[in-house]
Amino acid sequence: MSSKRKRRHLKKKRYIAPVIILGALIVFRLFLPLIVKNYVNKTLNNIPGYHGHVEDIDIALWRGAYTIDSLVLIKEKAETETPLLDFPETDISIEWKSLLKGKVVSEIEMHSPKFNYIFEDQQDTTAVENPKTEDWTKALTDLVPIDINHLQVYNGTANFVQLSSDPQIDMFMQKVNLQATNLSNVINNEKPLPSNIQATAVSIGGGNVKLHGNMNLLKEIPDMDIDFSLQKARATGINDLIQRYAGVDFESGTFELYSEIAINDAYLKGYIKPMFINTKFIGKDEEGGLFKKLWEGFVGVFKFILKNQGTDTLATKVPLEGDLKNVKTGVLPTVFNIFENAWINAFKNSVNEEINFEDAKQKK
């Protein structure tokens, strides 16, 4: 072989390796969405008691991100086929500003996610034997194997439905906008509640919901210290609930709710403070019968006597405490608080700021 032909042969050989590598990268890029999709589906199906899937995965290598389209998670052996989680679009990406500081963390954006809690679907408390994972938090860290520095939810919906009640209970929150930071997947012993949560929403009855506090999501039952308020909701929006438990309906007025909840190693300490402001019951139903009329009259008198005449508010504070499997409410304090609001000291339309995380530490 002449030296000229040798040089040509060597020149061609020199380009073979780069071409093969480039071709392999192109093939890998083409198959990468399928690989990631299979991985996400496998992770979802490793959650004990649930099965799930995603429709599609879009990859954006230039920003270190992938978008999950139509993620659905369904409870096994449920009464309905309604998904517990229904996420139309979830974007998971590397947070570049943190990467420039030497930290590899991710940020997640969720658009119009739905959370559907059907009480009947959650009745099966039988333990599911699944050696693949210990609990749902393992699946979470598998799905996003680096720290989540920022989570943003836009226009979410949360539904709480009890189909078997009469009337059917259907509570919901819409236009949920949530921001959470520092959702680390590494346990931090120095910070028991490393993640900060801020959220707003619109409730049933058109009320304004605000939630803020701190959490530790890396536990099967998350630790938390949360403040919650619901303001200026139309009382008529909770008529189904009131009809079931009190046998009356509101015609007008406002319902508000304030709460502080701390959970420490599955032990809860907190309270809820419901307030009924300037409410009026629907007039007596002629077809309701004598007993119904008497009951409505009694409730009306009870409300008149026990409301604060200055603020036109019927309110109480219900203390909550105990293991999450057996949370107890203080009956006597609840009754006393009705009288306190009515006759002693009118309750404020705000969170009391009296519960913190240490209060929920169970006494050994």
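Residues numbered from 1 in each chain as written. Predicted model: local features only at pLDDT ≥ 70, side-chain atom pairs only at ≥ 80, totals over all residues. Heavy atoms only, no water.

Caption draft 1: Representation of the overall build of the protein within the structure. When helices and strands are counted, the protein shows six helices and 15 strands. Taking all 364 residues of the protein together, 42% fall into the buried category. Summarising the internal contacts of the protein: among those between residues at least 6 apart in sequence, 59% fall at separations of at least 24. Split by element, the accessible area of the protein, about 21800 Å² in all, is 58% carbon and sulfur. (Helix = DSSP H or I, 4+ residues; strand = E, 2+ residues; numbered from the N terminus. Buried < 20%, exposed > 50% of the residue type's maximum accessible area, 1.4 Å probe, protein only. Contact = heavy atoms within 4.5 Å. Areas by Shrake-Rupley, 256 points an atom, 1.4 Å probe, with all protein chains shown as cover.)

Caption draft 2: Up close: unusual backbone geometry. Of note, the phi angle at Ser70 is positive, near 60°, even though the residue is not glycine. Its location among the elements puts Ser70 in strand S2 (residues 65-75). You will see that Asp312, though not glycine, has its phi angle at about 55°, which is positive. Mapped onto the fold, Asp312 is located in the loop between helix H5 (289-306) and strand S13 (313-315).

Caption draft 3: Seen up close, the nonpolar core. Among the nonpolar cores identified, the biggest contains 35 residues, and Val40, Ile57, Tyr66 and Ile68 are the most heavily contacted of them. Sequence-distant contacts of Ile57, that is, excluding residues within four places in its chain, are made with Pro33, Val36, Lys37, Val40, Tyr66, Thr67 and Ile68. Counting 19 residues, the second largest nonpolar core, distinct from the first, contains Ile204, Phe228, Ile238 and Ile338. (Core = buried A, V, L, I, M, F, W, Y, C linked by side-chain atoms within 4.5 Å.)

Caption draft 4: The arrangement of the packing of aromatic side chains in detail. Following the criterion strictly, the structure yields eight aromatic pairs and no others. An aromatic cluster is built from Phe115, Tyr117, Phe119 and Phe160, whose rings are joined through pairwise contacts. (Phe/Tyr/Trp six-rings, centres within 6.5 Å; stacked < 30°, edge-to-face > 60°.)

Caption draft 5: Spotlight on a negative patch on the surface. On the surface, a cluster of negative charge is contributed by Glu55, Asp56, Asp58, Glu89 and Glu109. For the negative patch, the leading source of residues is strand S1 (residues 50-60), giving three residues. Tracing the chain through its elements places Asp58 in strand S1. The exposure class assigned to Asp58 is partly exposed, which follows from its relative accessible area of 37%. (Patch = residues over 30% accessible without salt bridge, like charges linked within 9 Å, V, L, I, M, F, W, Y side chains within 5 Å. Salt bridge = Lys/Arg side-chain N within 4 Å of Asp/Glu carboxyl O. Lys, Arg positive; Asp, Glu negative; His and termini not counted. Charge placed at Lys NZ, Arg CZ, Asp CG, Glu CD.)

Caption draft 6: Highlighting the confidence of the model for the protein. Summing up the model confidence of the protein, the mean pLDDT is 81 and the portion of residues at 70 or higher is 77%. Taken together, the stretch residues 125-134 has pLDDT below 50 and engages in 11 contacts with residues farther than four places along the chain or on a different chain. (pLDDT = per-residue confidence, 0-100.)

Caption draft 7: Main features of the pattern of salt bridges. Summed over all chains, the structure comprises three salt bridges. Between Glu321 and Lys269 there is a salt bridge; the shortest N-O distance is 3.2 Å. Residue Glu321 is found in strand S14 (residues 318-323), and its partner Lys269 is found in strand S12 (residues 267-281); the two are separated by 52 residues along the sequence. Judged by its relative accessible area of 30%, Glu321 falls in the partly exposed class. Of the charged contacts in the structure, one is a salt bridge between Glu354 and Lys317, with a shortest N-O distance of 2.7 Å. In this pair, Glu354 sits in the segment after helix H6 (331-344) while Lys317 sits in the loop between S13 and S14, placing the two residues 37 residues apart along the sequence. For Glu354, a relative accessible area of 39% corresponds to the partly exposed category.

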